[in-house]
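Analysis of the macromolecular model
What follows is the residue order along each chain.
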Amino acid sequence: MQPSPGKLIGVSLGPGDPDLITRAAWTQLQRRDTRWVYPVRSGKSDGYAHGIVQRAGIEPVSHVEAIVFPMTYDAEKLGRAWLKAADTVLPWLQAGEDVLFLVEGDASTYSTFSHLARTVRSVDERIETPIIAGVNSYTGAASVAGTTLGEQDDTIAVVPAAYGVTMLDRLLPEFDTLVLMKIKPQLDDIIDWLDSRHLLADAHFIEKAGVEGERVVSGEALRQLRGEKVSYLSLMIVRSHHRVRGERLRGCLKKGPMQTEAEQAASTATGASRVAHASTAQQAATPSGTATADAVSAPRVILIAITKGGAEQAARLAAQLPEATLCTSQKFAATFDSLPNDKRIYSGGVKEQMGEIFRQYDQLVCFVSVGAIIRLVAPHLQGKETDPGVIAVDDAARFVVPLLSGHVGGANVWAEQVARLLGATPVLTTASDARGSLAVDILGRALGWQVEAPKINLIRVAAAVVNEEPIALVQEAGSRHWWTRSTPLPRHIEVLNDMTEVRPGHHRALLLITHRPLDEDLWRQWPEHLIVYRPPAGQGADERPTPAMAGSTTAS
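Presented here is a report on the structure given in the accompanying data block. Just so we're clear, the structure is a prediction, and the values are computed from it rather than from any experiment. (Residues numbered from 1 in each chain as written. Predicted model: local features only at pLDDT ≥ 70, side-chain atom pairs only at ≥ 80, totals over all residues. Heavy atoms only, no water.)

1. What about the overall build of the chain?
This is how the line gets drawn: For the purposes of this entry, the term helix denotes a DSSP run of H or I that reaches at least four residues, the term strand denotes a run of E that reaches at least two, and both are numbered from the N terminus. Burial classification: accessible surface area is computed with a 1.4 Å probe over protein chains only, and a residue below 20% of its type maximum counts as buried, one above 50% as exposed, and the rest as partly exposed. Two residues qualify as a contact provided that any one of their heavy atoms is within 4.5 Å of a heavy atom in the partner residue.
Regarding its fold elements, the chain presents 16 helices and 24 strands. Per-residue burial over the chain gives 49% buried out of 556 residues. By sequence separation, contacts in the chain at least 24 residues apart represent 67% of the contacts at least 6 residues apart.

Here it is as structure tokens:
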């Protein structure tokens, strides 16, 4: 009868300090009925894992053997090495003997054990390959450096530095802590990157943690490592305090805050008012007698001028926007005498007026330099969900620039309409407008769609869209006429009819237009990269934005 096969056991020994060998690993090493094997880079090199056991003073078993795992990325050479290693241990395992594979750190993380275990199982599927968990190198390094890897809902990325610093720029907005493994070949580039991103203060280089030759270099002193030869057993821990954080609920991403019926009604009214803001500028240019959408509430627009030239241009615009309020100093008030618009005439400076103006109006069209506007409105900023649209127009009315609340507040739409009325050039600087792409925070607004997503999702998905990453847009409900630009939809945004067509490994974000309720699993599957749009009940696929509303998507 064929004996039951033995087990190939990955025995994790920690980063190097024998005191960090776990009790479970220590118990396995006390057994006298096993064989030990350990990895080496070549037949002439010593095994680091075997050295940890020797320093621990553990008596070796009668048979201890080194197995060569070459340091190469050549798949053919690696494949041959793994097969040769499997051929070494398989006779013992098939004879019923347990084999302990000694490995530094933790056998489940960047370990040669996984390659051997996979190869052995492919030859004899009966063989079990359990792992004795251990202290990995980066937790040991964090302890030595006196730093933490994460707190509360911090995000942590453990990555080989071989991918280069361009990868780090992609990771930085997503993670609070970066653990950079195998940094030896990239050390100078990493230090330069940390310096340029002002991250040196919270960065730590750790070499040979827990053993002779241990070294920790942190902060500004990292610059001194440029050009220095360091050990392969080196890593770096970088803490960043600049990541934008999302809302969390019991450790999982919120779909949005729970609201009372009154809060929901207020939210709906606010959203409807925002849509109305985008429509009124269009109405100003609509010939009388042409039907337009009924505005839920007219946006409150104020035209602000602080110079003679600015007052003249504001008067020209006000003649075409009779509902707008005019604001200037007593010095230039006469410029507006012939106009029926409401007027706000002040003495002194406009700075004293700005707090009240910021609270009372929805669109501020300022015939003021950009720098002056920034200084005037800065003390009053709250957030793009509540701040009014702020638009700058130069004294000669050549350029119209939306500065604040371009999407949600409707300033981009208003800027385009103001530019058309003045014969000026609109200068839209939001990435989606510059690239002719999708503005995820107001998609479908002209059709009455409601957006369902935490703020962090809007930030993450907007970044994915403008960076031209693959985006899945699944439409299960609502009008198909949500894209009203004259240019085609960007190719990296795929419009799909069914969730079965979505490829999570390929698509970086999901836009879902649906009426159906969603469970938490979908939000967990797409953390911070899912936005849901809710069209009005009964909206048909052929329904189009009304003429008065169309601009809110076109100028997203």
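2. Observations concerning the sheet that holds strand β6 (residues 156-160)
Where we set the bar: Whether two strands pair comes down to DSSP finding at least two bridges between them. Lines fitted to C-alpha atoms define the axes here, with helix axes fitted over just the stretch in contact, and angles between the N-to-C directions of these axes take values from 0 to 180 degrees.
Ordered in space as β6-β7-β10-β8-β9, the five strands form an open sheet in which the pairing is mixed. Among the strands making up the open sheet, the edge pair consists of β6 and β9 (215-218). The average undirected angle you get between the axes of adjacent strands in this sheet is 15°. Across the sheet, helix α5 (residues 137-145) lies against β6, β7 (177-181), β8 (203-207), β9 and β10 (234-239), angled at about 70° from β10, the strand it touches most. Strands in contact with helix α7 (residues 187-196) are β7, β8 and β10; relative to β10, the strand with the most contacts, it is inclined by about 10°.

3. Some remarks on helix α11 (residues 370-377)
Short version of the rule: To be clear, the arc concerns the directions from the helix axis to the C-beta atoms.
Within the sequence span of α11, burial applies to Ala372, Ile373, Leu376 and Val377. For α11, the arc enclosing every buried residue in end-on projection is 115°, short of the 170-degree limit, so these residues lie on one face. Its buried side turned inward, α11 meets α10 (351-360), β16 (363-367), β17 (389-393) and β18 (399-404).

4. A look at the packing of aromatic side chains
We apply this condition: Whether two aromatic rings pair depends on their centres lying within 6.5 Å, for rings of Phe, Tyr and Trp, where Trp uses its six-membered ring; planes under 30 degrees apart make the pair stacked, over 60 edge-to-face, and the rest tilted.
This structure, assessed with the given rule, holds three aromatic pairs. Centre to centre, the rings of Phe69 and Phe101 are 6.1 Å apart; their planes meet at 85°, and the pair counts as edge-to-face. Pair noted here: Phe69 is in the loop between β3 (64-68) and α3 (75-94) and Phe101 is in strand β4 (residues 98-103), with a separation of 32 residues, a long-range link. Pair check on accessibility: Phe69 and Phe101 agree, each one buried.

5. A look at the packing of α3 against helix α4 (residues 112-123)
Working note: a packed helix pair is described by the angle between its axes plus the distance between those axes. Counted only if it meets this: Left-handed is the label given to a crossing in which the near helix is rotated counterclockwise from the far helix by less than a right angle, and right-handed is the label when the rotation is clockwise. Under the scheme applied here, ten amino acids are nonpolar (Ala, Val, Leu, Ile, Met, Phe, Trp, Tyr, Cys and Pro), four are charged (Asp, Glu, Lys and Arg), and all others, including Gly, are polar.
Contact pair α3 / α4: the axes reach a minimum separation of 9 Å and the direction vectors enclose 65°. For the element pair α3 and α4, the recorded crossing hand is right-handed. Counting all contacts with α3, which are made through Trp82, Leu83, Ala85, Ala86, Val89, Leu90 and Leu93, the residues of α4 involved are His115, Leu116, Thr119, Val120 and Val123. Of the residues contributing to the contact of α3 with α4, the split by class is ten nonpolar, two polar and no charged.

6. Quick notes on the pairing of β8
When you tally the buried positions in β8, you get five out of five residues, the bulk of the element. Burial of the side chains of β8 extends over both faces: Ala203, Phe205 and Glu207 are buried on one face and His204 and Ile206 on the other. Pairing of β8 with β10 involves five bridges; the strand directions are antiparallel. Bridged to Phe205 within β10 is Met236. In the sheet, β8 pairs with β9 via four bridges, with the strands oriented antiparallel. Its bridge partner lying in β9, Phe205 is registered against Val217.

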